[in-house]
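# Descriptive structure summary
Letter by letter, the chains look like this.
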Amino acid sequence: MSARKRSTSSRKRTVRVGERIVRAWFDTVINPLLQKLKWEQTRLQAKNWTWRFQFKHLESIQPVRNMLPDQMLDNLEQFLNFHPAIREDIKFHDDQRTKLLVACQNLQQHLEESDDLRQLYSRFTSPDSLHELGTRLEDIFGSYKKPEEHISLIAEYIVNNTGELPSYYTTAPFWNKYRQNFLSLLDTPPINQHNRLTLPGEQLLKLSKRLAQLLRGSREHLSIEYDMPYVTSSAIAE
Amino acid sequence: MSRYAKVVLDTGPLFSALALEFIKHFPAMRNLVTQKYKLPSYLGDPTAEAAFVVLISDIRQLMITSHVVGELRNRYRIPSEIHGEFWKCAMTFFAEKQVDERLITLLQMYNNEPMNAVVMVAGPIDAGLITLAQSERCILLTDDHRLMAWMDRSPDIELVQNVLEGQIPGHTH
């Protein structure tokens, strides 16, 4: 069935869209989603799940509907009514995202309970280690005052495969010096048995790319059919 | 000590900081703000925004020129519904960060080789920022690719987007 037509079963009359609706789909649904999916793929490729222990969520790996401002959601729904395959792919994406979220929560919990992590923390926050770093514990962890919170933050960094931190992070000197020690826990028993992020992360990356491909395909088809540019000059001027 | 403890900030990243500060206090107004002011592409997801906020928070001595304050008002449109609250929030941010606003006059730049040449190419606002950064021996943080390119990768200037992506010397992921 053509993307611009949808049969209504009750009256057997074809519903058609026109240029204004297609323009709105480009500007408020397809183009914004493609940008957000590109960012998501960058994070997934780096295996940075953007897991945050405080809020127990994935900060930037979101359900598709959360990628758009609220006032654009009606346009999204209309677009999906005419593109059921994309609606289905969105569901696959969001389901896979939930699996990744659960895997991150589980790994966080096991890291926080891990004796190995606590031993590393104690060793690297000893007075001698801090003296070597030339800093104080309270200066490293900022507003996180309690050791339990420090452990949680380090666990979060491990979950996200955090690389070297830029100097504007107070934790940078500590994490940059000891990150290999902390990250090695992911490959060491017993934590390695609970490190089940790679597969859901890779699956989500595939689904994200597939969704983006479907969106681009739809956009190309509509662009040619309606002689509609992907982006208008006024959108570029913004 | 952080490389960004003392920074001269260009208008673009300053306004992004003010916008995010306002959104932090009034999250329900986010869409209203971003309707008129599209956050730059390097702040494309919440993680990038959070990293930018950390960067700004780390700046202990934030400096701007008076030309930047003037440019803020002229370049960026704030919806009338939130105009008062936005600028109140901005002034509070300035007070809390003790933003150091300096007046770099056109005459000062005219009398300063090679800044008078920079004025002719990049304009007085950018020249003023560069003058201030050089006199204070600190970095100018900008998101203006053209300024960065024109200054031929001077170590005194860094692009915000490169800082956020860790693409500066000595920082690798």
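This structure is a prediction, so every number in the text was calculated from the model and none was measured.

As a further point, take the nonpolar core. The biggest cluster of nonpolar side chains holds 60 residues, and the ones touching the most others in it are Leu14 and Leu164 of chain B. If near-sequence neighbours (up to four positions away) are discounted, Leu14 of chain B is found in contact with Leu9, Ile64, Val68, Leu72, Phe93 and Phe94 of chain B. Of all hydrophobic cores here, the second largest spans 41 residues; its members include Trp51, Leu130, Ile154 and Leu205 of chain A.

Turning our eyes to something else, we now look at the interface of chain A and chain B. Counting from both sides, the interface comprises 19 residues of chain A and, opposite them, 25 residues of chain B. At the junction of chain A and chain B, the tally comes to 1 salt bridge. Of the charged contacts, one joins Arg43 of chain A and Asp45 of chain B as a salt bridge, the two residues approaching to 2.8 Å between their closest N and O atoms. Here chain A and chain B share 6 residue pairs in polar contact (both at pLDDT 80 or more) between them. In terms of residue count, helix H1 (residues 19-45) of chain A provides more of the side of chain A that touches chain B than any other element does, 4 residues in total. Grouping the amino acids of the side of chain A that touches chain B by side-chain chemistry returns 6 nonpolar, 7 polar and 6 charged.

Moving on: the side chain of Gln96 of chain A. Tracing the sequence through the fold places Gln96 of chain A in helix H3 (residues 84-112). Residue contacts for Gln96 of chain A: discarding those within four places in its chain leaves Pro200, Gln203, Leu204 and Leu207 of chain A.

On to the packing of aromatic side chains. Residue and element names in this part refer to chain A. Considering all chains together, one arrives at 22 aromatic pairs over all chains under this definition. Both rings, one in Phe174 and one in Tyr178, keep their centres 5.5 Å apart while their planes meet at 65 degrees; by these two values the pair is edge-to-face. Taken together, the residues span about one helical turn, with Phe174 and Tyr178 both in helix H8 (residues 172-183) at a distance of 4 residues. Judged by relative accessible area, Phe174 falls into the buried class, the value being 2%. Above the plane of the ring of Tyr230 lies Arg219, whose end atom (NZ or CZ) is 4.0 Å from the centre.

Here is what the cut-offs are and how they apply
Residues numbered from 1 in each chain as written. Chains lettered and ligands numbered in written order. Predicted model: local features only at pLDDT ≥ 70, side-chain atom pairs only at ≥ 80, totals over all residues. Heavy atoms only, no water. Core = buried A, V, L, I, M, F, W, Y, C linked by side-chain atoms within 4.5 Å. Buried < 20%, exposed > 50% of the residue type's maximum accessible area, 1.4 Å probe, protein only. Contact = heavy atoms within 4.5 Å. Salt bridge = Lys/Arg side-chain N within 4 Å of Asp/Glu carboxyl O. Polar contact = N/O pair within 3.5 Å; in protein donor to acceptor, adjacent residues only side chain to side chain. Helix = DSSP H or I, 4+ residues; strand = E, 2+ residues; numbered from the N terminus. Nonpolar A, V, L, I, M, F, W, Y, C, P; charged D, E, K, R; others polar. Phe/Tyr/Trp six-rings, centres within 6.5 Å; stacked < 30°, edge-to-face > 60°. Lys NZ or Arg CZ within 6 Å of the ring centre and 35° of its normal.

Geometric descriptors of this kind do not, in isolation, establish any biological role.
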